[in-house]
Every structure is written in structure tokens, then in C-alpha cells.
Amino acid sequence: MAEIALNHITRWAGEKDSQDGLPELVHRLIRETPGIRRLYLPTGDATRYRGWDGLATAVEGGGNIRLPAGESAWEMGVTADIKGKADEDYDKRSTAPLPDTTFVFVTPRQWPGGKAWADARRAEGLWRDVRVLDGGDLHQWLADSPRAALWFAAKHLGLAEAKADWSDPVIAWDDDALRVETGPLAWLTWTARLTPLLGREDEKRALLDWARTGGGVRFRFLVGEGGSGKTRLAHEVAFELAASDPLWAAGRVEADTPFPLDAGLRGCLLLVDYPEERRDAVRERLRQLAAAPGDPARPVRVLFLSRRGADLWQDVVDEARAVTRQDPDIPLPEGLPADDAWALFRAAVPRVPRAADGPPPALLDEAAFREWFARMPVNQRPLLVTAAAVETALNPDHPAVRLSADMVIDALARREAERLHNLTRLHGLPRRALSRLSALAAVRGSLDEPAIERLAAPALGLDVGPAPGLIDRLTDTGCLKAGALPAPQPDIVAAALLVRELSDRPAKAPEWLWTALDGREAEAIDRLGRLTWDAEVVLGLHKSGFTGWLAAMVQGRPDRCERLEPLLLEVTLPHGLLPLSAAVYRTQIEGAPDDEARARAASNLSVRLSALGDGPGALATIWDAVAIYRRLAAQTPARFEPDLALSLNNLSNRLSNAGEGAEALAASREAVELYRRLAAHSPARFEPVLAASLNNLSVQLSNPGERAKALAASREAVELYRRLAAHSPARFEPVLAASLNNLSLWLADAGEGAAALAAIWEAVELYRRLAAQAPARFESNLAASLNNLSVQLSNPGERAKALAASREAVAIRRRLAALAPARFEPVLAASLNNLSLRLSDAGEGAGALAAIRETVELYRRLAAQSPARFEPDLARSLYVLALRLDEAGAPDDALPCAEEAERLCAPYAAAVPGGPAGRLHRAILGELARLRAKAAGVAEG
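Residues numbered from 1 in each chain as written. Predicted model: local features only at pLDDT ≥ 70, side-chain atom pairs only at ≥ 80, totals over all residues. Heavy atoms only, no water.

Peer 1: Could you clarify how one ought to interpret the overall build of the protein chain in this entry?
Peer 2: The helix and strand tally for the protein chain stands at 40 helices and 12 strands. Taking 941 residues into account, the globule formula puts the C-alpha radius of gyration at 30 Å, and the protein chain, at 33 Å, falls close to it. Taken along its principal axes, the extent of the C-alpha atoms in the protein chain is 105 × 75 × 70 Å. Expressed as a percentage of contacts within the protein chain between residues at least 6 apart in sequence, the contacts between residues at least 24 apart total 68%. Counting only carbon and sulfur atoms, one obtains 54% of the accessible surface of the protein chain, whose full area is about 40,100 Å². Each charge sign in the protein chain was given a centre, from 114 positive and 126 negative side chains, and these centres are 1 Å apart. (Helix = DSSP H or I, 4+ residues; strand = E, 2+ residues; numbered from the N terminus. Rg over C-alpha atoms; globule rule 2.2 N^0.38 Å. Contact = heavy atoms within 4.5 Å. Areas by Shrake-Rupley, 256 points an atom, 1.4 Å probe, with all protein chains shown as cover. Lys, Arg positive; Asp, Glu negative; His and termini not counted. Charge placed at Lys NZ, Arg CZ, Asp CG, Glu CD.)

Laid out in C-alpha cells, this is it:
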């Protein structure tokens, strides 16, 4: 950074921004000085209010020549009449002097007579001490305060090098948001603080403890659905840290520039919101955290606020080599407890801004609220509770608790659209100009001048008025910030507003969307992932056409597909982007310049079609890819055999899903043989994929006649991974652990109990060590292996250990399911089912019954969403519940459970009588007959 000279400061004293800038400069200098314990020194508009310019307390012996020890009171001025200003301030404050306080006067100008003035005033004895700090003192203080100096050079001197290096955590509460004219969306943003933070006390306490405990550099993800309150929670934590200790720096930073890890003498908490929109930048910042030296006495904490957890971020963390500085994700529950939600609703309604002639406050009906709250999970999110309160306050004759969640959000989107329509009318714009532009701003985060001008092109038919002068007219509305139209907030209302505006012109929607995202594709794709989720999954707007418009935006447009395809490669792509990704690959197939490009696109399309539930389409497409790669490999084996092997593995999975076991096995065997030949010539490159394909082969060999071969394939995979892990443990120990887990199952199936137990113990120990280093990545694997271990330990001599392993698996999966229900609730249910068995074995009947009841409730909810996938599991858990109830002496309660289990299981058993469903059905029928006989005997008796 360029050095700050004394004349920089003295020249700045004569500039207009020095009046507001001086208090902030002194504030930053004091905050960076060791010994400060308390600081009140307002900046910005607050400096215009009456009272001391600043008050500070520094520890005795910890201050310095510029920051007095003990209490100090500060006045400052930039006027050229330095002595006149100093006399005025001194005389005003000396009418009520503070004998134990040091009076400090600050000027950025040079004052040769300042020392004499201070000596004379000190001699009066009214104050503990009197000091003067002039431009020379500030110059020396800046030399000892690098962050304050960087801020001053960037913000007030405009030095280019400093501007490039400067960033600072900020907490941007919006004190003007709660006004009638700003509208409901402004009231709902986290910056408005419509209500106190309610229902997140435990998470707030955990984050404060994490920030303050221990030193060094640590980071983690706060993970929650949109509207769960994660951004508000994080900023309240930051606010408390900074407010309680002036030597802490806390607030939001951007991922695009290096983190200010040196902010805050005592510690810092940096918040990164929407990291999904800056994934490459986040990777660089994680590298910065991995390389940063840690001070054991000073905590540096970075909290990423994301909707996604390890499924998205763990690979990024691994690539950045930052895993050793990662702490476990904090899952934010989607909803609030009912009592907290009612308290939030009651607090919000009276604080909603109202016009003087507006309707009277709504009468609150607690019973009606609680019924609405329990109606569906989305209603339990803090944002939805607050939105319902806002709508209730605005329309008390039709309270929002009578509406569904999508109706509440749509009502608020409609109000925002009407507010924008009124603004356009007042400023001579076409009626829907602002509502359409605002909705499309949601796609890219904001619309700058070039984006607005592109959207104003007559050919698009957006009807926003002519481009010349449009920016000026929009500026007059007051909606632009820093020359750009920001996206509506919160996201869920933005999604509803976007769907509303696009639905009005569905034929034009694809081109409007493309024009909106053009030039900012990476951010827009991540935002569209959230917007489609909110619109179609959370609000249930499945028939809106949103995902279809995205697909139509690229269908038949190879130029657009080329730009978007690299952004859609994520394995766990958000569901709302799958049709867009499929359209990209379809277009690439149609316009492929050669067979290689066509095969690659077909292979990728197969993966997307499978994720969309189009099994036949996925299978047909991967057959095409295999056929092309087979032809190419025959011509150029060295180049295309690896692609053929990979596509055969994929084909094997698609065939298995389609129930074509024999063909799936043949494809898997061919993939293994190809990889075996390739690994013989290039082991470093192909042994890892050979091991993976052997694992896949062991699964395909699971029918009774092939189990010996399945065991052999699994053993070979373990031996390969064991050798690879010996040379590269960080890369291969995780897959070695997974292979050991699989091997233990095959060994147990073959009757090799001791070997199976040894394999699963090794897997557990590996996962335990890995989870200790990177819990976000490996805890789910540890839980799976513990679940398997509890089964292997279920013989009479090991039941205590089996129960302990099962309990640990449930505890981990319960925590993970709170973070990502869709991913982990199915395995939590499986672990609870296993726990019920282990508790029953241990003679803990009440615990066994409670565990299986919870299992049934989980599977019942899952089966309601996906019957084909979860009804067999629900049937099995109902069967076990019937057993537990009968054991507990409640056969009358057991009988209906067994009857429901039989009804659910019968169709699946009829389809494959010799399969698992058929075996389960026969067991259920046996139990059902026994229970009916018992009931008949009781009746006869």
C-alpha cells in the first residue's frame, strides 16, 4: 500500500468529506489500539446529534500516548479556526467537568500551538488530563494502525492500490425500511428487523460460543432453507460480538476479494451470504483460510450462509485443502417451535407500518394461528410466519391464517407489484415496467444500466419504455441503488413475483430470462436453482411453467448451451435446473460435430433423465452412448476405451434400475474387464476406477447364484484400495472404508462372521478418524458403518456393543436429518428400525416400541411423497411395530398395524414373489394369522 504522508491528512482536512470522515477515522484508530475496553464514538449521521463526539475507556497501563488510560471524552473538528473550535468545545464541556476523565480534542490540521493550549487548560485542574491530537499525531497513529490506514487510503484518499486491497465486515441494518411507502417486501427483509430474533436462541448461543472460544482460523457452514432465518441469525451474532467488545470486528464480507482476516484486534467473525453464487471465489477464499497463520490467542471465524451443506461444498473444501480448518455444519431447522412462532406472529402484527387512514390492528386468534401453523411444514418457517403477520395486519378482515403458504406469498407479491405499478404511473413509465424489471432482477441479483438497456429492446416486448432516458426515469422512482435495480427480497417472494410476471407473457418468458442472465451466467444459474426450488417445491407452483421456460430458453440454441453447459455439471444439481440441463444436452446431441461429442452429451443426458425420473429415456440414451463409444473404441482403443468403460458402468446402473439384472451384470462385467486391461498398462490412472467398478460389480452379482463371485469382487476392490491408500491416504482412505463396509456385508452373507466383523470394525475406525478431521464430509459414512456394525454385533455375546453402535448411528443421523431432511430422513428411519431391534434384544421393550413408532411415522411421511420407493419400508416397519406391540401386551393395537403392512406389501410381493418383498409378505401373513387367532381366542374366551 502507498504510504500516507502528513500532507495527505492536512489537505484532506479542507475537503467536504472530512467532517463525517474524522469521527470514523478516530473510531477506527481507537478500535485498533491495544487496551481499549469500551468505545462510544458515533459515525455518519449520528455525529450531528448533541452530546460528546466520543467516550472511551482503556485499561490502565494498556493505553498509549494517543489513547489515554481510564476514561476519556472526545471532541473533534475540521475547521480552520482550530483554537476557536477547541475553546468552544472545552468551555461547553467544562460547565460540568468530569475530574476522573481526560478531555481530548482532535483536529486533522497541524496546530503548532496545540501543546501550549493543552498545558494551559490542564493547569485549570477541571479534568484528569487535557490532550490535543493534531494532523501530525494522526499521521503517527496511522503508521501504527495498518487497517485504519488502509481504510483511510482507500476511502478518503482514493489510492488505487489501497482500494484494491480494502474490505471490511459490515452489518447493514436498514433503519428506514419500516415505512409505509417502502412496502411489505422491505419490511420482510432481514435488514429491517421487524421483530426481535425469536426461536433461534440455541443456535445464536452456539455461534457466539464458537466465535469466542479458542483462537486460530476456523470456518463452517450455517445451513438452512430459504426463509429459515439464517442471514438474520448470523448478523445478530455479529452485531452482539461487535457491540459487546470494540476490539471485535464482525459482519458481512464479499467472497470476491481477500478476507480481512486482520480485522478486529481481539477477533473477527466474517459472514459470507449466498456463497453458491461465487463458488470459484469461495474456493480461493478457502485456500486463503487454509494458508493463513493462526494466532492461538485470537479467533478468526468465517461463517458461510448456504442452503446447501456437504453435498455441494465438501469437494470445494477438499480442493482448497482447507478441511483441517473446517468445523461441522450447523443445521438450522426449517421451522420454529409452535410457541416461538406464535410469539413472533404476535410481535410482528402491531409493528407492521400502517397509513394513518389504514385499517385498525387485527384481532389475533391464537387457535386459528396454531391450526394454520401445523397445516404444512413451510408455514413453520420464520419468514412465512412473519409474512402471514404482515398480510394479516394489512388485511385484517381476511387474516392470512386462512390462506395456504403459496397464497400468503402470492398476496405479498401482488402487493409489491401494485406498489411498483403505482410508482411507474407517477413517473410516466408503462404500467408493468418496474414490476417486470424487478422480477427479472431476481435472476441475476441486480440489473445494471447495460442489462436494463438490453431488456428495453423493442423486439423483446417487455414494454418498459424506450431505452434513451430510461435510466433517468427509473432513477426518479427511487428504486435504483448505486445505479442498479436490486433483486426483490426475500427470495421466496422474488420467486413468486417472477412467476407472476412471466406467466403474463409465457411465450416471451424464455427470451426475457435469457436476456436477464446474459453476461452473468454463473451467478444467475445459482440464483435460478434457488428460485425454481422456492417456486415449485416450497410454494407448489408446479404448473407455472418456470422450468419449462428455462429449457425452452436453450433448446435448439447451441451458442447458449455452450455457455451454460460448464455451469450445469454438478452431480447434485438442484432439481429445478434438471430440465434446463437436459435441454442443453439434447441440443448438443442434435448439433454434435462428431460422434465423440454426441456420445459425451448422450452420456450426460442419461444421468439427467434418470434424476428426472425418466428411466426409459435414461436407458435409451445411455444405450446410444455405449454404441457410439464401442464403435469409437474399436477404431481408437487407447483414446476411447476409458469412455466406453465409464458408459458401461452407467449402463449397468440404468439397467439395474429397470429391473434388467442379467444385462446389468453383463455391462458391469465388461466395464471391469476393460478397466482391468487399462489398469495393467496404466495402473496409476486406472486402478482407482477399476476398484470402483469392482464394487459396482459386487452389487450386480447379488443374486444367490453369484454371491461367491460378489465376495471375490468386493475382496479385490478392498485390496486395490488398501494398496492405493498406503501411498495416498487422504485420497483413498475414504473409499477403502466404503469398500470395507461393503465387504463386511458379503462376508456375513457367506457365513464368515469373524472376517465380516473385522472388516466392519476397520471401516468404523477409518471413518471415525476421518470424521474427526472432517465431520461435515464423513459423519454420514460413519453412521452407516456403525449401523452395519450393530447388525454384525447382534449375536448374544455382543449385544451391549451392538446397542451402543446403533444408538451412535441414530444420534448422528438425527443431527444430519435436521440439516438435510430429504437426504437423511430415509437412512434415519432405517437406523431407528435397527435400533428398535437392538433395544428389543437388550430387553428394553419401551425403548424398542418408541423407536419403531418413530420409524413408522418417518416412513409414512416419506411414502406419501414417494410411494413406490418407501411403501415397502413402511410395510416392514409396520410389521416390526406389530411385533413390538404384541410383545408389550397390546395385541389389539398390533393387529391393525399388521393388516396395513399386508395391504402395502401385497402388490410388491405379487410383482416379485421370490424377492425381498415376497419374503416380507410371507412373514407378515404369518404374524397376521397368529394375531387374528389370538384375537379370536380372546373373543371366544
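Continuing now.
Peer 1: Whenever I open this one, the sheet that holds strand E2 (residues 54-58) confuses me. Can you help?
Peer 2: Two orientations exist for strands paired in a sheet by backbone hydrogen bonds: parallel and antiparallel. What the five strands build is an open sheet, ordered E1-E2-E3-E4-E5; its pairing is mixed. Each of the sheet's edge strands pairs with one partner strand only, and the pair in question is strand E1 (36-40) and strand E5 (129-133). Sheet twist, expressed as the average angle between the axes of neighbouring strands with direction ignored, equals 20°. Inspection of the sheet shows strand E4 (residues 101-106) paired to E5 by five bridges, in the parallel sense. If you follow Val106 over to E5, its bridge partner there is Leu133. Against the sheet, helix H3 (residues 82-93) makes contact with strand E3 (70-76), E4 and E5, and its axis sits at roughly 155° relative to E4, the strand it touches most. (Pairing = 2+ DSSP bridges. Axes fitted to C-alpha atoms, helices over the stretch in contact; angles between N-to-C directions.)

Peer 1: Would you explain the packing of aromatic side chains in this entry?
Peer 2: Evaluation of the coordinates by the stated rule reveals 23 aromatic pairs. Ring plane angle 80° and centroid distance 5.9 Å describe the contact between Tyr90 and Trp117, whose orientation is recorded as edge-to-face. Residue Tyr90 is found in helix H3, and its partner Trp117 is found in helix H4 (residues 114-123); the two are separated by 27 residues along the sequence. For the pair Tyr90 and Trp117, one class covers both residues: buried. Taking 6.4 Å as the distance between ring centres and 80° as the angle between the ring planes, the aromatic pair formed by Phe219 and Phe221 counts as edge-to-face. (Phe/Tyr/Trp six-rings, centres within 6.5 Å; stacked < 30°, edge-to-face > 60°. Buried < 20%, exposed > 50% of the residue type's maximum accessible area, 1.4 Å probe, protein only.)

Peer 1: Is there a simple way to explain a negative patch on the surface in this structure?
Peer 2: Taken together, the side chains of Glu449, Glu453, Asp472 and Asp476 present a region of like negative charge at the surface. Secondary structure elements with two or more residues in the negative patch: helix H18 (449-455) and helix H19 (470-477). For Glu449, the location among the structural elements is in helix H18. (Patch = residues over 30% accessible without salt bridge, like charges linked within 9 Å, V, L, I, M, F, W, Y side chains within 5 Å. Salt bridge = Lys/Arg side-chain N within 4 Å of Asp/Glu carboxyl O.)

Peer 1: Is there a simple way to think about the sheet that holds strand E6 (residues 216-223) in this case?
Peer 2: Strand order in the open sheet formed by five strands is E7-E8-E9-E6-E10, and the pairing between neighbours is parallel. Lying at the two open borders of the sheet, with one neighbouring strand each, are strand E7 (248-252) and strand E10 (330-331). Strands E6, E7, strand E8 (267-273), strand E9 (299-306) and E10 of the sheet are contacted by helix H9 (residues 201-212), whose axis makes an angle of about 145° with E9.

Peer 1: Just to check I follow, could you spell out the pattern of salt bridges for this structure?
Peer 2: Where charged atoms from two side chains of opposite charge approach closely, those side chains can pair. The tally for this structure, following the rule as stated, stands at 82 salt bridges. For the salt bridge of Arg432 with Glu501, the shortest nitrogen-to-oxygen distance reads 3.2 Å. Taken together, the residues Arg432 in the loop between helix H16 (405-426) and helix H17 (433-444) and Glu501 in helix H20 (residues 491-503) connect sequence positions 69 residues apart. Among the ionic pairs, Asp595 bridges to Arg598, the shortest N-O distance being 2.8 Å.

Peer 1: Got a minute to help me understand the pairing of E2 in this structure?
Peer 2: Across a regular strand the side chains alternate sides, sitting on one face of the sheet and then on the other. Of all five residues making up E2, four are buried, and the element is well covered by its neighbours. Relative to E2, E1 is paired through four bridges, and the arrangement is antiparallel. Paired with Ile36 across the bridge in E2 is Ala58. Note: E2 against E3, five bridges, orientation antiparallel. Within E3, the residue paired with Ala58 across the bridge is Gly70.

Peer 1: What is the right way to read the environment of Pro396 from this model?
Peer 2: Along the chain, the position of Pro396 falls in the loop between helix H15 (382-394) and H16. The exposure class of Pro396 is partly exposed, given its relative accessible area of 21%. For the pair formed by Pro396 and Pro359, sequence separation is 37 residues and the distance between their alpha carbons is 7.2 Å. Apart from residues no more than four positions distant in its own chain, Pro396 is found in contact with Pro359, Pro360 and Ala362.

Peer 1: I tried to follow the pairing of E5 on my own but got confused; where do I start?
Peer 2: Of all five residues that make up E5, four are buried, and the element is covered over most of its length. Regarding the hand of the β-α-β motif, the stretch spanning E4, H4 and E5 is right-handed. (Right-handed = clockwise from strand over helix to strand, strands pointing away.)

Peer 1: What is the right way to look at the nonpolar core in this model?
Peer 2: Side chains that are nonpolar tend, in soluble globular proteins, to be buried together. Counting 106 residues, the largest nonpolar core has Leu648, Leu651, Leu786 and Leu789 as the members making the most contacts within it. Sequence-distant contacts of Leu651, defined by excluding residues within four places in its chain, comprise Leu619, Ile622, Trp623, Val626 and Ala667. With 97 residues, the next largest nonpolar core counts Phe369, Ala456, Leu470 and Leu577 among its residues. (Core = buried A, V, L, I, M, F, W, Y, C linked by side-chain atoms within 4.5 Å.)

Peer 1: Whenever I open this one, helix H29 (residues 661-681) confuses me. Can you help?
Peer 2: Because each turn of an α-helix spans 3.6 residues, side chains separated by three or four positions end up pointing in the same direction. In this model H29 runs 31 Å from its N-terminal to its C-terminal C-alpha over 21 residues, within 8% of the 30 Å that 1.5 Å per residue would give. Looking at H29, one finds that the buried residues are Ala664, Leu665, Ala667, Ser668, Ala671, Val672, Leu674, Tyr675, Leu678 and Ala679. Against helix H28 (637-657) and helix H30 (683-700) lie the buried residues of H29. (Expected span 1.5 Å × (residues − 1).)

Peer 1: What should I look at first to understand the environment of Val401 in this one?
Peer 2: By secondary structure assignment, the location of Val401 is in the loop between H15 and H16. Along the chain, Val401 and Ala242 lie 159 residues apart, while their C-alpha atoms are 38 Å from each other. Beyond its immediate chain neighbours, meaning those up to four positions away, Val401 contacts Phe345, Ala368, Phe369, Trp372, Arg375 and Thr392.

Peer 1: Where do I start with H17 in this structure?
Peer 2: The end-to-end C-alpha distance of H17 is 17 Å, a good match for the 16 Å that 12 residues give at a rise of 1.5 Å each. Following H17 by one or two positions, Gly445 adopts a phi angle in the positive range, close to 100°.

Peer 1: Just to check I follow, could you spell out unusual backbone geometry for this structure?
Peer 2: Residues apart from glycine generally show negative phi values, whereas peptide bonds are mostly found in trans. The omega angle of the peptide bond from Gln489 to Pro490 is -5°, so this bond is cis rather than trans. Looking at where Pro490 falls in the secondary structure, it is placed in the loop between strand E12 (485-486) and H20. Positive phi, close to 55°, is recorded for Arg193, a residue that is not glycine. If you trace the backbone, Arg193 turns up in the loop between helix H8 (184-188) and H9. Taking the relative accessible area as the measure of exposure, Arg193 reaches 25% and is therefore partly exposed. For Asp463, which is not glycine, the phi dihedral falls at a positive 60°. You can see Asp463 is positioned in the loop between H18 and H19.

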